[in-house]
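Here are the chains, one letter per residue:
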Amino acid sequence: MAGIWTVHGDGVRVGPGDVVAPGERLSWPRTIGIGAQHVVAMFGATFLVPLITGFPPSTTLFFSAIGTVLFLVITRNRLPSYLGSSFAFIAPIGAATASSGMSAALGGILVTGALLAVVGLVVHFAGARWIDVVMPPAVTGTIVALIGFNLAPEAWNNVQKGPVTSLVTIAAIVLVTVLFRGILGRLAILVGVLVGYLVAVLRGEVDFAPIGEAAWIGLPEFTTPTFEPALLGLFLPVVFVLIAENVGHVKSVAAMTGQNLDDVTGRALFADGLATTLAGAGGGSGTTTYAENIGVMAATRVYSTAAYAVAAATALVLSLSPKFGEVINTIPGGVLGGAATVLYGMIGVLGARIWVQNRVDFSDPVNLTTAAIALVVGIANYTWVAGDMEFQGIALGTAAAIGVYHVMRAVSRWRGTGAEPASPASVPGDDQRAR
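Overview of the structure.

Basis of the calculations
- Residues numbered from 1 in each chain as written.
- Predicted model: local features only at pLDDT ≥ 70, side-chain atom pairs only at ≥ 80, totals over all residues.
- Heavy atoms only, no water.
- Phe/Tyr/Trp six-rings, centres within 6.5 Å; stacked < 30°, edge-to-face > 60°.
- Buried < 20%, exposed > 50% of the residue type's maximum accessible area, 1.4 Å probe, protein only.
- Lys NZ or Arg CZ within 6 Å of the ring centre and 35° of its normal.
- Salt bridge = Lys/Arg side-chain N within 4 Å of Asp/Glu carboxyl O.
- Helix = DSSP H or I, 4+ residues; strand = E, 2+ residues; numbered from the N terminus.
- Expected span 1.5 Å × (residues − 1).
- Contact = heavy atoms within 4.5 Å.
- Polar contact = N/O pair within 3.5 Å; in protein donor to acceptor, adjacent residues only side chain to side chain.

Our focus in this paragraph is the packing of aromatic side chains. A complete count under the given rule lists 7 aromatic pairs for this structure. Relative to Phe63, the ring of Phe62 lies with its centre 5.2 Å away and its plane at 90°, an arrangement referred to as edge-to-face. A residue is classified by how much of its surface remains accessible, and Phe62, at 16% relative accessible area, is buried. Their ring planes at 80° and their centres at 5.0 Å tell us that Trp355 and Phe362 sit as a pair that is edge-to-face. Through a chain of ring-to-ring contacts, three or more aromatic side chains come together here, namely Phe62, Phe63 and Phe222. It is Lys323 that lies over the ring of Trp216; its NZ or CZ is 5.0 Å from the centre. For the cation-ring pair, Arg415 lies above Trp414, with the distance from its terminal atom to the ring centre recorded as 5.9 Å.

This part covers the pattern of salt bridges. Counted according to the given criterion, the structure contains 4 salt bridges. When the shortest N-O distance is used, the salt bridge between Asp10 and Arg13 registers 2.6 Å. Since its relative accessible area comes to 42%, Asp10 is described here as partly exposed. The shortest N-O distance in the salt bridge between Arg78 and Asp263 comes to 2.8 Å.

The terminal C-alpha atoms of helix H18 (residues 365-379), which comprises 15 residues, lie 21 Å apart, in line with the 21 Å expected from a rise of 1.5 Å per residue. All of the buried residues in H18 are Pro365, Val366, Asn367, Thr370, Ala371, Ala374, Leu375, Val377 and Gly378. Buried residues in H18 make contact with helix H6 (137-150), helix H17 (333-357) and helix H19 (393-415). If you check the start of H18, you find a side-chain oxygen 2.9 Å away from the backbone N of Val366, and it comes from Asp364. Asn381 sits one or two positions beyond H18 and adopts a positive phi of about 55°.

Encoded structure:
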């Protein structure tokens, strides 16, 4: 293992303006310490998905660890990343589980991962330019936003299980975010969950009995998938979100390390697709690259993949303790509702962030109409039943975003109407010109 990474400098210090590159590492004690930080960073969000969807937390952690190792191997140690649970799966898992059980939801996760892996192969051999054509920022931002806001009712359902605990959890997340700098500030969700959990214990909302009954060491609970074609429409939109998240991760790491990682994009997509496929095959939640861990890298300036190997090993060990899994299972609905209120809103706003960062022009009627229709379809959870197939808000909203955008763009180019503003109020500076 020592020969995989070269030691950065003296292995102790990171000089001003320097970064520890993916193929480098600090001394092993420091690398292990940073790896532990990555485990903490992914912890809260990774476990919220199985807790909300009813999946076994230990199984999700197990496949998260395996997926991270695969990711590092497939990307040839060039792209540091931890593969945690993707929030994009929450809505389709919930719908599939309610109608046909957990195994049917796993079938949807498996198919999603397989499709993402195929996309990764296409990108690897044909390049990623076509992704920008099919999913321009106006479309990508809309899809991400509608997924977050579509989940709002789920957050409210959990909040009602413990309103006081939920309020404390939200308040703790808000305060930690602005009170602390560095790593602690970036772990506001995790700290908020811990504070909410303590309040729940004091209020008698936590049942510790299952913890005492669980073994210290044992394999996680595995479940085989089943395939219900009628449910696959729920999961297909997730592929678009995973593509956007992985491509964004590659670009972020490239910007922070000063390395050109474009040629790794296909490998990253394929690796995440394979990890998600394995998770679906055994009972885990679908995976994605984690922004929380980018925060740790930015704070430490250590981009060493060695730290992620340590994080994966740590997660694997924890996943093999049923007692640890039962501890996670004791987190009550009120705490989950508080954390989900913040996280789901953040997902929605991240869609808007994509618009802002890419300077999407909403005076363009194509962009405005695309977002307007797709968001309402997704947030209101429109439903369409076609034979045995049922398509809900996220699937229909995604289809609307892609379809409306490309149809309107093609017609506007043909007719030469693309330059006309969507409305007088949307024209920049129009009020000043009127004066």
